[in-house]
Structure formats: structure tokens, C-alpha cells
Amino acid sequence: QVQLVESGGGLVQAGGSLRLSCAASGRTFSWYRLGWFRQAPGKEREFVVAITSNSVITSPPDSMKDRFTISRDNAKNTVYLGIDNLKTEDTGVYSCALTSNRYNSGRSPLFYNYWGQGTQVTVSS
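Right, let's walk through the structure included here. (Residues numbered from 1 in each chain as written. Predicted model: local features only at pLDDT ≥ 70, side-chain atom pairs only at ≥ 80, totals over all residues. Heavy atoms only, no water.)

## With respect to the pairing of strand β3 (residues 18–26)
Here is step 1 of the chain: Across six bridges, strand β1 (residues 2–7) lies against β3 in antiparallel orientation. Looking across to β3, one finds that Ser 7 is bridged to Ser 21.
Here is step 2 of the chain: Sheet analysis places β3 next to strand β8 (residues 78–83), joined by six bridges and oriented antiparallel. Along β8, the bridge assignment pairs Arg 19 with Gly 82. (Pairing = 2+ DSSP bridges. Helix = DSSP H or I, 4+ residues; strand = E, 2+ residues; numbered from the N terminus.)

## Let's talk about the packing of aromatic side chains
Here is step 1 of the chain: Using the criterion set out here, one finds four aromatic pairs in the structure.
Here is step 2 of the chain: Taking 5.1 Å as the distance between ring centres and 80 degrees as the angle between the ring planes, the aromatic pair formed by Phe 37 and Tyr 112 counts as edge-to-face. Residue Phe 37 is located in strand β4 (residues 33–39), and its partner Tyr 112 is located in the loop between β9 (92–99) and β10 (114–115); the two are separated by 75 residues in the primary sequence. Like Tyr 112, Phe 37 is buried.
Here is step 3 of the chain: Aromatic side chains Phe 37 and Trp 115 sit 5.1 Å apart centroid to centroid with 50 degrees between the ring planes, which places their arrangement in the tilted category. Highlighted residues: Phe 37 in strand β4 and Trp 115 in strand β10, separated in sequence by 78 residues.
Here is step 4 of the chain: Among the residues examined, Trp 115 registers a relative accessible area of 28% and is labelled partly exposed.
Here is step 5 of the chain: Among the aromatic residues, ring-to-ring pairing joins Phe 37, Phe 47, Tyr 112 and Trp 115 into one connected group.
Here is step 6 of the chain: Just above the ring of Tyr 80 sits the side chain of Arg 19; from NZ or CZ to the centre is 4.0 Å. (Phe/Tyr/Trp six-rings, centres within 6.5 Å; stacked < 30°, edge-to-face > 60°. Buried < 20%, exposed > 50% of the residue type's maximum accessible area, 1.4 Å probe, protein only. Lys NZ or Arg CZ within 6 Å of the ring centre and 35° of its normal.)

Here it is as C-alpha cells:
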């Protein structure tokens, strides 16, 4: 089994920054890609960014490209999501997910097998 635990969310003012963490444990040796997704109230889950086990990054959508970054610390089995210049529309639950499937772009949540519980990000104006 694989466990994913997100942390680092909270209440932030617009223009601020956050770094979210996704700590993986358990049988993680077979994973190929870790993705970050977010879900705003009343909206569908949305792809943010992903990284493969050999550090290939699936870029964020154009609307997020300049503000969202992904990085990893292999020693800690942790992947980070950095968000700069936060906007109120960034409010939502941010979740990380793992997949062993390498035959897709990584942008669809359908291909991910394991999910964390999510961390709430609330951006105030």
C-alpha cells in the first residue's frame, strides 16, 4: 500500500506564497509520476503539475505556468508544490496522487491510483 500525506495549506493573503508538501510512504518504489491537483468549491478537480520518478515535469496549464513549481526531495520521499503570487481563485483543496502508469500525459486524474487526503488552501483578498 501507498500512503500520501499533504501538508502546508492554510489561510494566505492574495499575493503571498505557499509551499505544499506531499510525503509518500509504503510501497512507493513502483510509482512513475506524482501529480498535484486542486479542487475549488463547486468545481471539478483540476490538474496543476506533475513530476516523474526521473524528474520529468508535466507543466502546469498556461494559466498557472508562471506561479506553480514542483520539486522533490528523494531523501525525504517528498514532493513539493510551490505557489507564488497567490490569487483568490487559487482557493481549494490541493491533493497529490501517484500513478505507475507511464502511458499518459499525467494530466488526467483518472490515471492515478493513490491519493492523499488533501490540504486546504484559502486565499483572502
